[in-house]
Amino acid sequence: MIEYIDVHKAFDVPVLTGVNLTVQTGETLSIVGPSGTGKSVLLKTTNGLLVPDQGDVRVDGESAYFDGDETLRRIRGKVGYVFQYAALFDSMTVCENICAGLPLGVNIREGWVLEKVAQALEDVNLDPRQVMNKLPAELSGGMKKRVGLARTIVGRPEILLYDEPVTGLDPVNTAAVSRLIRDIREKTGVTSIIVTHDIEQALEISDRVALLEHGVLRFVGTPGEFQASPDPVVRAFADRRLAAEAAVRIMEEDAADLKKDMEEETP
Ligand SMILES: Nc1ncnc2c1ncn2[C@@H]1O[C@H](COP(=O)(O)OP(=O)(O)OP(=O)(O)O)[C@@H](O)[C@H]1O
Ligand SMILES: [Mg+2]
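Residues numbered from 1 in each chain as written. Chains lettered and ligands numbered in written order. Predicted model: local features only at pLDDT ≥ 70, side-chain atom pairs only at ≥ 80, totals over all residues. Heavy atoms only, no water.

(A) Representation of the overall build of the protein. The secondary structure content of the protein amounts to 11 helices and 10 strands. A separation threshold of at least 6 residues defines the contact pool for the protein, and within that pool the share at least 24 residues apart is 62%. (Helix = DSSP H or I, 4+ residues; strand = E, 2+ residues; numbered from the N terminus. Contact = heavy atoms within 4.5 Å.)

See below:
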């Protein structure tokens, strides 16, 4: 279980101003919200990558901030973080990149290590024989995201934090990554928090959806509750696909009007 208790964080300006949220063990929760509202910052307070100015974050009842370095290490061992950008080491092979997700000091040439790497690649539907020795530059964007995911799951974390796992992917890769996130959860019972811009993905794969806005959680509820909420800000997000379609229609109508005007003006 993860508990965010009155979490405050400011840089030059306040970013988080009192976030309260409990994520149950085995739950999948998505966080949506406008760009720059602190979604990534909130995620990073979970395992001590960022320290809250006020409040606390507890993982299975323990605080990374108040319970000492030993606890911080234990929490970091439990929590896997899938970064917003795949953040692979460019000069290292896929195999070496994935080994970076294992405890320091493991010998990459040992059989059991290679087996774990191969298993992690298979878990993300990549063929180990094909990609193991490639460099990140030789992979497509979707494949890099998968390798990033493989590096995170290779150590079998109990908690997975995903920062924009599908941003920049085409619809086919988006659907594939969504399926992977669901499969990993079904296979391992992992607790997951997913920060995403993709509302459809959030509604599809989550038990609950949270909307972060102006430093606090404006809404937390099931996908059904999200879609039924009368709150205008939630509506703006839930209807974003409709809003985008409306915008395209308006642009097309404008273009048609312009074309008509030009035709009328042409003698
Ligand atoms: N390490 C940092 N130092 C200074 N400012 C930071 C740092 N990390 C984040 N910020 C600021 O905090 C705010 C929230 O950033 P954050 O990355 O959490 O936004 P976000 O909701 O994840 O946005 P996006 O959807 O674009 O990823 C931004 O104004 C950002 O500039
Ligand atoms: Mg972010």
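(B) Expanded view of helix α4 (residues 111-123). Compared with an ideal rise of 1.5 Å per residue, which puts 13 residues at 18 Å, α4 spans 18 Å between its outermost C-alpha atoms and is within 8% of the ideal. Looking at α4, one finds that the buried residues are Val113, Val117, Ala118, Ala120, Leu121 and Asp123. Next to the buried residues of α4 lie α3 (94-99), α5 (128-131), α6 (141-153) and α7 (171-188). Two residues or fewer past α4, Asn125 is found with a positive phi of approximately 60 degrees. (Expected span 1.5 Å × (residues − 1). Buried < 20%, exposed > 50% of the residue type's maximum accessible area, 1.4 Å probe, protein only.)

(C) Structural context of the site of ligand 1. Near ligand 1, the surroundings consist of Phe11, Val15, Pro34, Ser35, Gly36, Thr37, Gly38, Lys39, Ser40, Val41, Gln84 and His197. In this structure, Thr37 approaches ligand 1 through a main-chain N or O atom, which is 3.1 Å from an oxygen atom. In the environment of ligand 1, an oxygen atom lies 2.9 Å from a nitrogen or oxygen atom belonging to the backbone of Val41. Sort the elements by how many residues they give to the shell around ligand 1 and helix α1 (residues 39-44) lands first, with 3 residues. (Near = heavy atom within 4 Å. Polar contact = N/O pair within 3.5 Å; in protein donor to acceptor, adjacent residues only side chain to side chain.)

(D) Region of the structure containing the nonpolar core. Residues Ile98, Leu121, Leu149 and Tyr162 are the most contacted members of the largest nonpolar core, which totals 33 residues. For this core, the element with the highest residue contribution is α4, accounting for 5 residues. Core analysis: the next-biggest nonpolar cluster, separate from the first, contains 28 residues, Ile2, Val7, Val15 and Ile159 among them. (Core = buried A, V, L, I, M, F, W, Y, C linked by side-chain atoms within 4.5 Å.)

(E) Structural context of the environment of Asp90. On the secondary structure map, Asp90 appears in the loop between β6 (79-82) and α3. Note on Asp90: relative accessible area 62%, which makes it exposed. On a C-alpha basis, the gap between Asp90 and Pro136 in space is 5.7 Å, while along the polypeptide they are 46 residues apart. Asp90 has contacts with Leu135 and Pro136, leaving out every residue within four places of it along the chain.

(F) The arrangement of the packing of α6 against α7 in detail. The geometry of α6 relative to α7 is characterised by a closest axis approach of 11 Å and an angle of 15 degrees between their N-to-C directions. Taken together, the axes of α6 and α7 are roughly parallel relative to one another. Along this stretch, α6 crosses α7, giving a crossing that reads as right-handed. Taking contact as the criterion, the partners of Gly142, Arg146, Leu149 and Ile153 in α6 are, on α7, Asn173, Ala176, Leu180 and Ile184. When its residues are assigned to classes, the contact of α6 with α7 shows 5 nonpolar, 2 polar and 1 charged. (Axes fitted to C-alpha atoms, helices over the stretch in contact; angles between N-to-C directions. Parallel < 35°, antiparallel > 145°, perpendicular 65-115°, else oblique. Left-handed = near helix turned anticlockwise from the far one by under 90°. Nonpolar A, V, L, I, M, F, W, Y, C, P; charged D, E, K, R; others polar.)

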